[in-house]
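Structure assessment
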Amino acid sequence: MAFLQIHNVQIKGISGCVPQRVEHNRDYPYLSKEEIEKYISTIGVEKRHCAVHDGTICTSDLCFTAAETLITDLGWDKNDIEVLVFVSHTADYKLPSTACVLQNRLGLPTSCMAFDSPLGCSGFVYGLGIISSILQTGFIKKGLLLVGNTQSVYAAPKDQGTSLLFADGGTAIALEYNTGCDSMEFDYFTNGAGKDALIVPDGGCRNPFNEKSLVEYPDDNGIIRSRLHEKMDGLEVFSFATTTVPKSLKNLMDKFSIKQEDINYLLLHQANKFLCEKIRKRMKFSEESTPYNIDRYGNTSGASIPLLMLTELRDKLQSETINFLASGFGVGLSLGSVRFSTDRIICPPLMYL
């Protein structure tokens, strides 16, 4: 396990934005009503906010909207923001980095360090560690972590494993150098041998787009998709998460002497309700301390943890000091767990685009 402890960095605010458009899983035409109800009761997703993937709403648009409002509500001078990290696997372009696009679009100074991190489900925890590592030196005082995905673009319409699960969202997390704040503790884990468990086979440099990339075909399980759609091995992902996430969380707690009774909330990547409940029970956290929003927002990949905070805990975030334990896990296969706290932070209402 790769442990990390960050000092002198404080979360000052969190905001989020999702597409206005909603897809209701009960309207799915490729399953019977009985099959859909079974899916909803097990996986937990009733509806999802999804963009129309014609270029009008991209991940950067959602993150931009969230960031603009958060900066305004914080009363920050944009000239003071000198690091921007954009975490997503749905970038605007193959190149340049979307972080560069957002630096200009947000009107941040040219002295701003800006770069992308193309991670998915573990993206919030990885991004939080990356930007906090930069800020803790004290040379840069303020930064923006933008985490999101419009990953429903990768879902094959006839693949219920992805088309009923994936959703879109963008978040902005404002961080500041502060010598008087609580520390953050991290644990990271990577198993690249499991890369094929969640993969879009074509479109990159290894398998460039070609005339066969758009051809839809049935796989060994009869699921119809093209090589530009995401292929998910649900059983392998389930096994990875249910065995590795509890181990990571326990190792983190042991390494940094974190007591479970001091944790107010366990935040799990909203992969699916059944999987997350397995993890919650193994960790012996109560239902009240483990919030969910997967029923209304689906699996939004790296954005799921900050969106979960906004939709379920906004009032408490604004008025209380809260101690969190969180874990993001999935595509890679990649995992990040973190213990962090917030102290009466700025949280604008969830926005829609």
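Refer to the structure printed above.
Residues numbered from 1 in each chain as written. Predicted model: local features only at pLDDT ≥ 70, side-chain atom pairs only at ≥ 80, totals over all residues. Heavy atoms only, no water.

Points about the sheet that holds strand 5 (residues 81–87)
The strand order 6-5-7-8-2-17 describes an open sheet built from 6 strands, whose pairing is mixed. Of all strands in the sheet, those bounded by a partner on one side alone are strand 6 (113–117) and strand 17 (351–352). Here 6 bridges tie strand 5 to strand 7 (residues 142–150), and the two strands are oriented parallel to one another. Following the sheet pairing, Leu84 is matched in strand 7 by Leu144. Contacts between helix 2 (residues 59–74) and the sheet are confined to strand 2 (9–18), strand 5, strand 7, strand 8 (168–177) and strand 17, with strand 8 contributing the most and set at about 40 degrees to the helix. With respect to the sheet, helix 9 (residues 304–319) is in contact with strand 2 and strand 8, its orientation differing from that of strand 2 by roughly 85 degrees. (Pairing = 2+ DSSP bridges. Helix = DSSP H or I, 4+ residues; strand = E, 2+ residues; numbered from the N terminus. Contact = heavy atoms within 4.5 Å. Axes fitted to C-alpha atoms, helices over the stretch in contact; angles between N-to-C directions.)

Describing the packing of aromatic side chains
This model, assessed by the stated rule, comprises 9 aromatic pairs. Their ring planes at 65 degrees and their centres at 6.2 Å tell us that Phe124 and Phe340 sit as a pair that is edge-to-face. On the criterion of sequence distance, the pair formed by Phe124 in helix 4 (residues 123–135) and Phe340 in strand 16 (residues 334–343) is long-range, its members being 216 residues apart. For Phe124, a relative accessible area of 1% puts it in the buried group. By relative accessible area, which is 0% here, Phe340 ends up buried. Ring centres 5.1 Å apart and planes at 25 degrees place the aromatic pair Phe324 and Phe340 in the stacked group. Pair noted here: Phe324 is in strand 15 (residues 321–330) and Phe340 is in strand 16, with a separation of 16 residues, a long-range link. By the burial criterion, Phe324 is buried, and Phe340 matches it. Linked through ring pairs, Phe124, Tyr265, Phe324 and Phe340 together constitute an aromatic cluster. (Phe/Tyr/Trp six-rings, centres within 6.5 Å; stacked < 30°, edge-to-face > 60°. Buried < 20%, exposed > 50% of the residue type's maximum accessible area, 1.4 Å probe, protein only.)

Describing the side chain of Ser132
Relative to the assigned elements, Ser132 resides in helix 4. On the basis of relative accessibility, which here comes to 0%, the residue Ser132 falls in the buried class. Once residues lying within four places of it in the same chain are set aside, the contact partners of Ser132 are Ile6, Val9, Leu175 and Met184.

Details of the pattern of salt bridges
If the charged atoms of two oppositely charged side chains come close together, the side chains can form a pair. As enumerated under the stated definition, the model contains 19 salt bridges in all. Here Asp202 and Arg227 are joined by a salt bridge, their closest N and O atoms 2.8 Å apart. One end of the pair, Asp202, is in the loop between strand 10 (198–199) and strand 11 (217–218); the other, Arg227, is in the loop between strand 12 (224–225) and strand 13 (231–232), with 25 residues separating them in the sequence. We classify Arg227 as partly exposed; its relative accessible area is 29%. Of the charged contacts in the structure, one is a salt bridge between Arg296 and Asp295, with a shortest N-O distance of 3.2 Å. Here Asp295 falls in the partly exposed class, since its relative accessible area comes to 27%. If you follow the salt bridges from partner to partner, you end up with Lys12, Lys142 and Glu176 in one network. (Salt bridge = Lys/Arg side-chain N within 4 Å of Asp/Glu carboxyl O.)

Focus on the packing of helix 6 (residues 234–255) against helix 7 (residues 273–283)
The geometry of helix 6 relative to helix 7 is characterised by a closest axis approach of 10 Å and an angle of 35 degrees between their N-to-C directions. Between helix 6 and helix 7 lies a crossing whose hand is right-handed. Here Val237, Phe238, Ala241, Thr242, Thr243, Val245, Pro246, Leu249, Lys250 and Met253 of helix 6 lie close against helix 7, whose contacting residues are Phe274, Leu275, Lys278, Ile279, Arg282 and Met283. (Left-handed = near helix turned anticlockwise from the far one by under 90°.)

Examining the environment of Met184
Its location among the elements puts Met184 in strand 9 (residues 184–190). Take Met184: its relative accessible area is 3%, and that puts it in the buried class. Linking Met184 and Ser341, residues 157 residues apart in sequence, is a C-alpha distance of 7.6 Å.

So, unusual backbone geometry
A cis amide bond links Leu95 to the next residue, Pro96, at an omega of 10 degrees. Relative to the assigned elements, Pro96 resides in the loop between strand 5 and helix 3 (98–106). In this structure, the amide linkage connecting Gly332 to the following residue, Leu333, adopts the cis form with an omega of -10 degrees. One non-glycine residue, Ser301, lies in the positive phi region at around 60 degrees. With respect to the helices and strands, Ser301 occurs in the loop between helix 8 (294–297) and helix 9. For Ser301, a relative accessible area of 0% gives the class buried.

Overview of the nonpolar core
One finds Leu145, Leu175, Leu267 and Phe340 to be the most contacted residues of the largest nonpolar core, which totals 38 residues. The element contributing the most residues to this core is helix 4, with 7 residues. Among all residues touching Phe340, those that are not within four sequence positions of it are Ile11, Phe124, Met184, Leu267, Met309, Ile322, Asn323, Phe324 and Ala326. Counting residues in each nonpolar core, the second largest holds 25 residues, with Cys63, Ala66, Ala67 and Ile71 among its members. (Core = buried A, V, L, I, M, F, W, Y, C linked by side-chain atoms within 4.5 Å.)

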